[in-house]
Amino acid sequence: MKEPQDRRGVILASAAELFARKGVGATTVREIADAVGMLSGSLYHHFESKDAMVAEILTGYLHAIQDRYAAVLASGKSPAESLHDLVLTSLEVASEQPGATTIYQNERPYLRERPRFAAVLAGAADIQRTWLLVIEKGVAEGSFRADIAPRVFYRLIRDAVWLSVRWHHPGSDYPTSQLADDITTVF
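It should be emphasised that the depicted structure is a prediction, and the values quoted were computed from it without experimental measurement. (Residues numbered from 1 in each chain as written. Predicted model: local features only at pLDDT ≥ 70, side-chain atom pairs only at ≥ 80, totals over all residues. Heavy atoms only, no water.)

Peer 1: Got a minute to help me understand the overall build of the chain in this structure?
Peer 2: Check the secondary structure of the chain and you find ten helices and zero strands. Counted from the first residue to the last, the chain has its helices and strands arranged as α-α-α-α-α-α-α-α-α-α. For the chain, the spread of C-alpha atoms along the principal axes amounts to about 60 × 40 × 30 Å. In the chain, 20 positive and 23 negative side-chain charges are present, and the distance between their average locations comes to 6 Å. (Helix = DSSP H or I, 4+ residues; strand = E, 2+ residues; numbered from the N terminus. Lys, Arg positive; Asp, Glu negative; His and termini not counted. Charge placed at Lys NZ, Arg CZ, Asp CG, Glu CD.)

Here it is as structure tokens:
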């Protein structure tokens, strides 16, 4: 009875790629079904709707980030070291789940328009709070500049990290760890 779970995973992977490439609104259930070789009506055996697929993709993505961020916070490292680890962790998750990262970045207006995504938006707010906690601690300890508002610092580093999925393709010539070092050094 393992096959249905595997089928769900295949559907979600295909849906994530399509949503990332075309956008959620422009992707049809028929296209997702075609990508996995099934009839569109059969998708409803696995998911109640297209939005249910989006929610599951993003919920899994946000849980992966939140779990890794919790480990960073629990490490007891300095704010500067924690900032580096948040950057590295974020880049690693983005590399592991590029489709979900793109959906997360590009589909905020879509998510905000639908009550179904309240939990996804709450997860995003939790992620922001983690970054702000580290930044504010660093400002208080004198590790980070006090003349830049923590929310501005957060938004600048957030965009540097999360939008890098558009151009960074990890490889031996410029690995993710080097990008994390470079972003942390700049900020």
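Having seen it, we continue.
Peer 1: Would you take a moment to explain the side chain of S90 for this structure?
Peer 2: Within the element layout of this structure, S90 appears in helix α5 (residues 79–96). The residues touching S90, leaving out its near neighbours within four places in the chain, are Y69, W131, V161 and W162. (Contact = heavy atoms within 4.5 Å.)

Peer 1: Would you explain the nonpolar core in this entry?
Peer 2: As a rule of thumb, soluble globular proteins bury nonpolar side chains together. Membership of the largest hydrophobic core comes to 54 residues, with the highest contact counts inside it found for F19, M53, Y61 and W131. Among the elements that line this core, the one with the most residues is helix α4 (residues 50–74), at ten residues. (Core = buried A, V, L, I, M, F, W, Y, C linked by side-chain atoms within 4.5 Å. Buried < 20%, exposed > 50% of the residue type's maximum accessible area, 1.4 Å probe, protein only.)

Peer 1: Got a minute to help me understand the packing of aromatic side chains in this structure?
Peer 2: Evaluated as defined, the whole model comprises eight aromatic pairs. Look at F153 and F187: their rings are 6.0 Å apart centre to centre, the planes differ by 35°, and that puts the pair in the tilted class. Of this pair, F153 sits in helix α9 (residues 150–162) while F187 sits in the segment after α10 (176–186), and the two are 34 residues apart along the sequence. Accessibility expressed as a relative area gives 7% for F153, which makes it buried. Here F187 falls in the partly exposed class, since its relative accessible area comes to 31%. Through a chain of ring-to-ring contacts, the aromatic side chains of Y61, Y104 and W162 assemble into a single cluster. The positively charged end of R108 is found above the aromatic ring belonging to Y104, 4.9 Å away from the centroid. One cation-aromatic arrangement involves R114 over Y110; the distance from NZ or CZ to the ring centre is 3.5 Å. (Phe/Tyr/Trp six-rings, centres within 6.5 Å; stacked < 30°, edge-to-face > 60°. Lys NZ or Arg CZ within 6 Å of the ring centre and 35° of its normal.)

Peer 1: Sorry if this is basic, but what is going on with the pattern of salt bridges here?
Peer 2: Between side chains of opposite charge, pairing is possible as soon as their charged atoms come close. Applying the stated rule across the entire model yields eleven salt bridges. Among the salt bridges present, the one from D126 reaches R129, with a minimum N-O distance of 3.8 Å. Residue D126 and its partner R129 are both found in helix α8 (residues 118–141); the two are separated by three residues, about one turn of the helix. Three or more residues are tied together by salt bridges with common partners; here these are D51, E113 and R114. (Salt bridge = Lys/Arg side-chain N within 4 Å of Asp/Glu carboxyl O.)

Peer 1: What is the right way to read the layout of surface pockets from this model?
Peer 2: Which parts of space are left empty comes out when a probe the size of a water molecule is rolled across the atoms. Size it by volume and the largest pocket reaches roughly 200 Å³. Every residue lining the largest pocket is listed: Y104, Q105, R108, R112, L121, A124, A125, Q128, Y154, R158, D159 and W162. Within the lining of the largest pocket, the residues separate by chemical class into six nonpolar, two polar and four charged. (1 Å grid on protein atoms, 1.4 Å probe; cavity = no way out; pocket = protein on both sides within 12 Å on 5 of 7 lines; lining within 4 Å. Points joined across faces, edges and corners; volume = space filled by probe spheres on them. Nonpolar A, V, L, I, M, F, W, Y, C, P; charged D, E, K, R; others polar.)

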